[in-house]
Amino acid sequence: MKKKLRVLFSNLCCSYCRNDFDEESIEVKRQEHGLMVVHLTCKHCGKSFGAAFIGLSNLDVKSEPLEVQEGPEPISYDDVIDAHRFIKDLDEHWQEYLPKKDIL
């Protein structure tokens with residue numbers, strides 16, 4: 001699964017400092033079959049890009065990076081049900097999966 005994430009973020013860079021993301025930039029917060037919560041942070045400047053729900057169970061990983069496609073892929077009924085089950089099973093500590101805000 002970590003290889004799939006590395007390929008997914010391989011062509012992306014930080015919008016603030018323009019450094020590439022690497023494997024250390026991706027922190028997996030929670031993982032279940034085909035779904036995970038990840039947090040992306042630039043290891044060079046520290047900019048946080050927040051948490052995301054990612055479904056990778058049907059992603060075919062090749063040796064070259066993924067290409068950006070025009071428009072989003074349609075969300076299937078199975079995707080919605082899988083996301084519902086994942087969210088439904090979050091316990092009272094669900095806020096731990098959200099990035100911490102800096103208090104000024």
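Here the residue numbers are simple positions, counted from 1 along each chain's written sequence. With the structure being a predicted model, the display of local features is reserved for residues of pLDDT at least 70 and the display and counting of side-chain atom pairs for 80 or more, all residues being used for whole-chain, interface and lining totals. Side-chain metrics in this entry use all non-hydrogen atoms of the structure; hydrogen atoms and water are not considered.

Chemist: Is there a simple way to think about the overall build of the chain in this case?
Modeler: Helical segments are the DSSP runs of H or I of at least four residues, strand segments are the runs of E of at least two, and each set is numbered from the N terminus. Helix and strand counts for the chain stand at two helices and three strands. Ordered by position from the N terminus, the helices and strands of the chain form the series α-β-β-β-α. Taken across its 104 residues, the chain has 22% of its residues classed as buried. The contact rule is simple, with two residues in contact once any of their heavy atoms fall within 4.5 Å. Considering only contacts within the chain whose residues lie at least 6 apart along the sequence, 48% involve residues at least 24 apart. For the chain, the exposed area adds up to about 8,400 Å²; of that, 51% sits on carbon and sulfur atoms. Working definition: with a 1.4 Å probe on protein chains only, accessible area under 20% of the residue-type maximum means buried, over 50% means exposed, and in between means partly exposed. Surface accessibility in these figures is a Shrake-Rupley result with a 1.4 Å probe; residues are shielded only by whichever protein chains are displayed.

Chemist: Explanation requested: the environment of Lys100 in the structure shown.
Modeler: Relative to the assigned elements, Lys100 resides in the segment after helix 2 (77-88). Taking the C-alpha atoms as reference points, Lys100 and Gly50, separated by 50 residues in sequence, lie 9.2 Å from one another.

Chemist: Please explain the sheet that holds strand 1 (residues 26-32) as it appears in this structure.
Modeler: Pairing between the strands of a sheet is mediated by backbone hydrogen bonds and can be parallel or antiparallel. With antiparallel pairing, the three strands of this open sheet are ordered in space as 1-2-3. Two strands close off the open sheet at either side, each with one partner strand: strand 1 and strand 3 (48-55). In this sheet, neighbouring strand axes are inclined to one another by 15° on average, regardless of whether the strands run parallel or antiparallel. Think of each axis as a best-fit line through the C-alpha atoms, taken over the contacting stretch in the case of a helix, with angles from 0 to 180 degrees between the N-to-C directions. Each of strand 1, strand 2 (35-41) and strand 3 is contacted by helix 2, which is oriented at about 75° to strand 2, the strand it contacts most. Any two strands with at least two DSSP-identified bridges between them are counted as paired.

Chemist: How should the side chain of Thr41 be read in this particular structure?
Modeler: Looking at the secondary structure, you find Thr41 in strand 2. In protein, a polar contact means a hydrogen-donor-capable atom and an acceptor-capable atom, both N or O and within 3.5 Å, with residues adjacent in sequence counting only if both atoms are side-chain atoms; elsewhere, any N or O pair within 3.5 Å suffices. Polar side-chain contacts of Thr41 include one of 3.1 Å to the side chain of His39. Aside from chain neighbours lying at most four places away, what touches Thr41 is Phe21, Ser25, Gly46, Lys47 and Ser48.

Chemist: Help me understand the packing of aromatic side chains in this model?
Modeler: Two descriptors summarise a pair of aromatic rings, namely the distance from one centre to the other and the angle between the planes of the rings. Note on aromatic pairs: the rings of Phe, Tyr and Trp (six-membered ring only in Trp) are paired at centre separations within 6.5 Å, and the planes decide the class, stacked below 30 degrees, edge-to-face beyond 60, tilted for the rest. Inspection of the entire model under this criterion finds two aromatic pairs. Between Phe21 and Phe49 the ring centres are 5.4 Å apart and the planes differ by 85°, which places this aromatic pair in the edge-to-face class. With Phe21 in the loop between helix 1 (2-8) and strand 1 and Phe49 in strand 3, this pair connects stretches of sequence that are 28 residues apart. Ring geometry for Phe53 and Phe86: centres 5.5 Å apart, planes at 90°, overall edge-to-face. Taken together, the residues Phe53 in strand 3 and Phe86 in helix 2 connect sequence positions 33 residues apart.

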